[in-house]
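# Summary of the model geometry
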Amino acid sequence: MSTRNGASVLLSDEHAQLRANVESFAREEVAPFIGDLYAREEFPYGIVAKMSEMGLFGLPFPEEYGGGGKDHLALCLAVEELARVDSSVAITLAAAVGLGTTPIYRYGSEEQKQRWLPPLCRGEQLAAFGLTEPSGGSDAAAVATTARRDGGEWVINGTKAFITNGGTQITSVVTVAAVTGKPVNERPQISAIVVPAGTPGFTASKKYSKVGWSASDTRELSFSDCRVPADHLLGEEGRGYSQFLSVLDEGRIAVAALSVGLAQGCIDECLSYVSRREVSGHKIGEYQALQFKLADMEARTHAARLTWYDAAARLGTGKPFKKEAAIAKLIASDAAMVNAREATQIFGGYGFLNETPVGRFYRDAKILEIGEGTSEIQRMIIARQLGLPAHL
Ligand SMILES: Cc1cc2nc3c(=O)[nH]c(=O)nc-3n(C[C@H](O)[C@H](O)[C@H](O)COP(=O)(O)OP(=O)(O)OC[C@H]3O[C@@H](n4cnc5c(N)ncnc54)[C@H](O)[C@@H]3O)c2cc1C
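So, here is what we can say about the structure in this document. Bear in mind that the values here come from a model prediction, so they are computed numbers and not experimental data.

## Overview of the site of the ligand
Of all residues adjacent to the ligand, which total 19 residues, the nearest are Thr 132, Gly 137, Ser 138, Thr 374 and Glu 376. Here an oxygen atom of the ligand sits 3.0 Å away from a polar atom, N or O, in the main chain of Leu 131. When each cavity is represented as a set of grid points, the ligand is found to reside in the largest pocket. Elements that contribute at least two residues to the shell around the ligand include exactly β3 (153-164) and α10 (375-385). Among the elements that take part in the shell around the ligand, β3 stands out by supplying three residues, more than any other. Residues belonging to the shell around the ligand are distributed by class as follows: eight nonpolar, eight polar and three charged.

Here's what the structure looks like:
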């Protein structure tokens, strides 16, 4: 029994091959090792090095910057296949590429791209994205971190919360959202500024201990009179808010793909378990109650996968995709949560053990309804796209 080839008919041969390669990699190079790393809350440096060798960190960027010359769909396929086995590894890739490197590629000058992108695309270094602050992440405009010009430098002060890849040994840069002026027409003057790791005044706290994604690196970052050269500004001054919102729209497709991967991983594990576990003299897969659970899990996962494929296809062909990305994130994160709950139920007591993959999936699913915009925020985005007025 296998559901490995879900929605293949929609993929080019090249995309299908990439998906198959990452599927094998996840099974052979991630699955055997990730449980121990997760239990010890250790960042998977060895696995990340192998992902770099495969070219995963440069997938959607042009070859001239050391990238793979593919697209966002390719990145999301890789993220989905990794998440079938483990979400810590998948979010490390999704955040490094989708949130960390993308703003530099999308908004950086040619000189900035040449300076920062090659080692990021090769995966030798990781980039992070610093938007959320301790006072709140849902109201992305309420940035309190400031950056003031002093001669040829920006002087940054403030704190960022929950930053993925914020303090690994290979994190080289963090793109920080900071207020650089007074509001104009009630629009916040926020700019995106690249801060290299090791800059005096920039401190990464120790890693948070999290409910899930335990092998990923998430930290609070603080900036105290942290000075970087003026040419670390990405794009136009004061345009950071719209830049970040646009990066988040793309990032949501990757989180939707990650969610579908987790939902699929639950099915993979359960199909194997119900054919070997016996209760009352019967394989539990013979019980119709469990067959129906698995049928629903499969239907939910398939439907969720189509939402992110649609959003990625719209992005790839230059069509508006904001609403579709929010729908994909909303639907897929819900599918992941429900499948994780059902998978744990199917595994019975063994599903409640940290050592089983479904135990890990259960812990990893919840953040999918929170990170990169909560489910409430996705509903607000969809409502705005339907033309409904802003309200409390
Ligand atoms: C593991 C992890 C990794 C992360 N990685 C990053 C990262 O790399 N970079 C980064 O910048 N951020 C990152 N985040 C932050 C994440 O995006 C925020 O946690 C998320 O946006 C929610 O913000 P908050 O936690 O401050 O919740 P709050 O904004 O305080 O929201 C609290 C509750 O209020 C609800 N709410 C808020 N406003 C409204 C409204 N208008 N209407 C209805 N309900 C509302 C929310 O939905 C939520 O239920 C990460 C978070 C985690 C936990």
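## A word on a nonpolar patch on the surface
Among the surface-exposed residues, Val 9, Leu 10 and Leu 306 lie close enough to one another that they form a single nonpolar patch of about 310 Å² accessible area. Mapped onto the elements of the fold, Leu 10 is located in the segment before α1 (13-39). We classify Leu 10 as exposed; its relative accessible area is 54%.

## Re the environment of Ala 326
Relative to the assigned elements, Ala 326 resides in helix α8 (residues 322-347). The sequence separation of Ala 326 and Phe 61 amounts to 265 residues, and the corresponding C-alpha distance is 23 Å. Leaving out residues up to four positions away in the same chain, Ala 326 has contacts with Gln 378, Ile 381 and Ile 382.

## Notes on empty space enclosed by the protein
One pass over the structure, following the stated rule, counts one cavity of 30 Å³ or more. Of the voids in this model, the largest cavity is the one considered here, and its volume is about 30 Å³. Here the lining of the largest cavity takes three residues from helix α6 (residues 240-274), the largest share from any one element. Split by residue class, the lining of the largest cavity holds seven nonpolar, one polar and no charged.

## Notes on the packing of aromatic side chains
A ring pair, where both rings are aromatic, is described by two values, the distance of the centres and the angle of the planes. With the rule as written, the count across this model stands at eight aromatic pairs. Relative to Phe 223, the ring of Phe 202 lies with its centre 4.9 Å away and its plane at 15°, an arrangement referred to as stacked. Of this pair, Phe 202 sits in strand β6 (residues 202-204) while Phe 223 sits in strand β7 (residues 218-229), and the two are 21 residues apart along the sequence. In this structure Phe 202 comes out as buried when scored by relative accessible area, which is 13%. With a relative accessible area of 3%, Phe 223 lands in the buried category. Seen from their ring centres, Trp 308 and Tyr 309 are 4.6 Å apart, and the 75° between their planes marks the pair as edge-to-face. Put simply, the rings of Phe 61, Tyr 65 and Tyr 105 pair up and form one aromatic cluster. Over the aromatic face of Trp 116 sits the side chain of Arg 115, whose NZ or CZ is 4.4 Å from the ring centroid.

How each quantity is defined
Residues numbered from 1 in each chain as written. Predicted model: local features only at pLDDT ≥ 70, side-chain atom pairs only at ≥ 80, totals over all residues. Heavy atoms only, no water. Near = heavy atom within 4 Å. Polar contact = N/O pair within 3.5 Å; in protein donor to acceptor, adjacent residues only side chain to side chain. 1 Å grid on protein atoms, 1.4 Å probe; cavity = no way out; pocket = protein on both sides within 12 Å on 5 of 7 lines; lining within 4 Å. Sits in = over half its atoms within 2 Å of the grid points. Helix = DSSP H or I, 4+ residues; strand = E, 2+ residues; numbered from the N terminus. Nonpolar A, V, L, I, M, F, W, Y, C, P; charged D, E, K, R; others polar. Patch = residues over 30% accessible without salt bridge, like charges linked within 9 Å, V, L, I, M, F, W, Y side chains within 5 Å. Areas by Shrake-Rupley, 256 points an atom, 1.4 Å probe, with all protein chains shown as cover. Salt bridge = Lys/Arg side-chain N within 4 Å of Asp/Glu carboxyl O. Buried < 20%, exposed > 50% of the residue type's maximum accessible area, 1.4 Å probe, protein only. Contact = heavy atoms within 4.5 Å. Points joined across faces, edges and corners; volume = space filled by probe spheres on them. Phe/Tyr/Trp six-rings, centres within 6.5 Å; stacked < 30°, edge-to-face > 60°. Lys NZ or Arg CZ within 6 Å of the ring centre and 35° of its normal.

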